[in-house]
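# Reading the structure
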Amino acid sequence: MLDHIKLAHFRNLISLSAADGKIEELERVALAKIAYEKGIPLDRLNLMLDRADEYKYLIPLDDSEKEKQLEDMIELALADGEFAPAERELINIVADKLGVSRSTLDTLIETATSTSRQANSQ
């Protein structure tokens with residue numbers, strides 16, 4: 001049985017990917033890798049992708065909200081203690097869609113990973 005929280009978080013990743021009205025092939029590949037890593041069956045993934053336009057996601061208007069959305073994605077990616085390449089790839093794509101610079105994204109990721117490391121070492 002799949003964890004409902006895991007599914008809700010994954011649905012949010014799909015929603016973020018579809019926020020611009022389409023899910024690019026690169027995003028689909030990244031989402032498929034994440035689904036596999038999280039134990040989400042392929043048929044469930046395909047159903048979620050088919051319904052991506054039903055998931056509500058509003059692109060934040062101000063920079064602090066955009067950064068908060070990325071921080072949430074990064075935190076979700078680090079929830080299992082690992083930052084999988086597919087998760088990083090998807091976060092890069094969403095950051096581009098949100099208009100967040102690579103340097104700002106790198107800072108957000110560094111802050112989150114160091115916080116995560118500190119929490120795990122205690």
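For the structure, see preceding data.
Read on for a plain summary of the structure.

Rules used in this analysis
Residues numbered from 1 in each chain as written. Predicted model: local features only at pLDDT ≥ 70, side-chain atom pairs only at ≥ 80, totals over all residues. Heavy atoms only, no water. Helix = DSSP H or I, 4+ residues; strand = E, 2+ residues; numbered from the N terminus. Buried < 20%, exposed > 50% of the residue type's maximum accessible area, 1.4 Å probe, protein only. Contact = heavy atoms within 4.5 Å. Areas by Shrake-Rupley, 256 points an atom, 1.4 Å probe, with all protein chains shown as cover. Axes fitted to C-alpha atoms, helices over the stretch in contact; angles between N-to-C directions. Parallel < 35°, antiparallel > 145°, perpendicular 65-115°, else oblique. Left-handed = near helix turned anticlockwise from the far one by under 90°. Nonpolar A, V, L, I, M, F, W, Y, C, P; charged D, E, K, R; others polar. Expected span 1.5 Å × (residues − 1). Arc of directions from axis to C-beta. Core = buried A, V, L, I, M, F, W, Y, C linked by side-chain atoms within 4.5 Å.

## Structural notes on the overall build of the chain
Helices and strands together make up the secondary structure of the chain, namely six helices and zero strands. Counting from the amino terminus, helix and strand elements in the chain follow one another as α-α-α-α-α-α. Taken across its 122 residues, the chain has 39% of its residues classed as buried. Intrachain contacts of the chain at a sequence separation of at least 6 include 70% that bridge at least 24 residues. Just so you have it, the chain exposes about 7400 Å², and 51% of that area is on carbon and sulfur atoms.

## Quick word on the packing of helix H2 (residues 25-38) against helix H5 (residues 85-98)
With their axes 8 Å apart at the nearest point, H2 and H5 run at an angle of 140° to one another. On the basis of their axis angle, the class for H2 and H5 is oblique. In terms of crossing hand, the pair formed by H2 and H5 is left-handed. Residues Leu26, Glu27, Ala30, Leu31, Lys33, Ile34 and Lys38 of H2 form the contact with H5, whose participating residues are Ala86, Glu87, Glu89, Leu90, Ile93 and Lys97. Here the residues of the contact of H2 with H5 are counted per class, giving seven nonpolar, no polar and six charged.

## Digging into helix H4 (residues 63-78)
Between its first and last C-alpha atoms H4 spans 22 Å; for 16 residues at 1.5 Å apiece the expected length is 22 Å, and the two agree. For H4, the complete set of buried residues consists of Lys66, Gln69, Leu70, Met73, Ile74, Leu76, Ala77 and Leu78.

## Quick look at helix H3 (residues 42-50)
Every α-helix carries 3.6 residues per turn, so stepping three or four residues along brings you back to the same face. Taken together, the buried positions of H3 are Leu45, Met48 and Leu49. Within H3, the buried residues cover an arc of 100° as seen down the axis, which keeps them to one side. The exposed set on the far side of H3, more than 90 degrees from its buried face, consists of Asp43 and Asp50.

## Quick word on the nonpolar core
Formed by 33 residues in total, the largest nonpolar core has its most connected members in Phe10, Leu13, Ile14, Leu31, Leu70 and Met73. Counting only elements with at least two residues in this core, the list comes to helix H1 (4-17), H2, H3, H4, H5 and helix H6 (102-121).

## A short note on the side chain of glutamate 87
Among the structural elements, glutamate 87 can be located in helix H5. Classification of glutamate 87 as buried rests on a relative accessible area of 5%. Excluding anything up to four places from it in sequence, glutamate 87 contacts Ile34, Lys38, Ala77 and Glu82.

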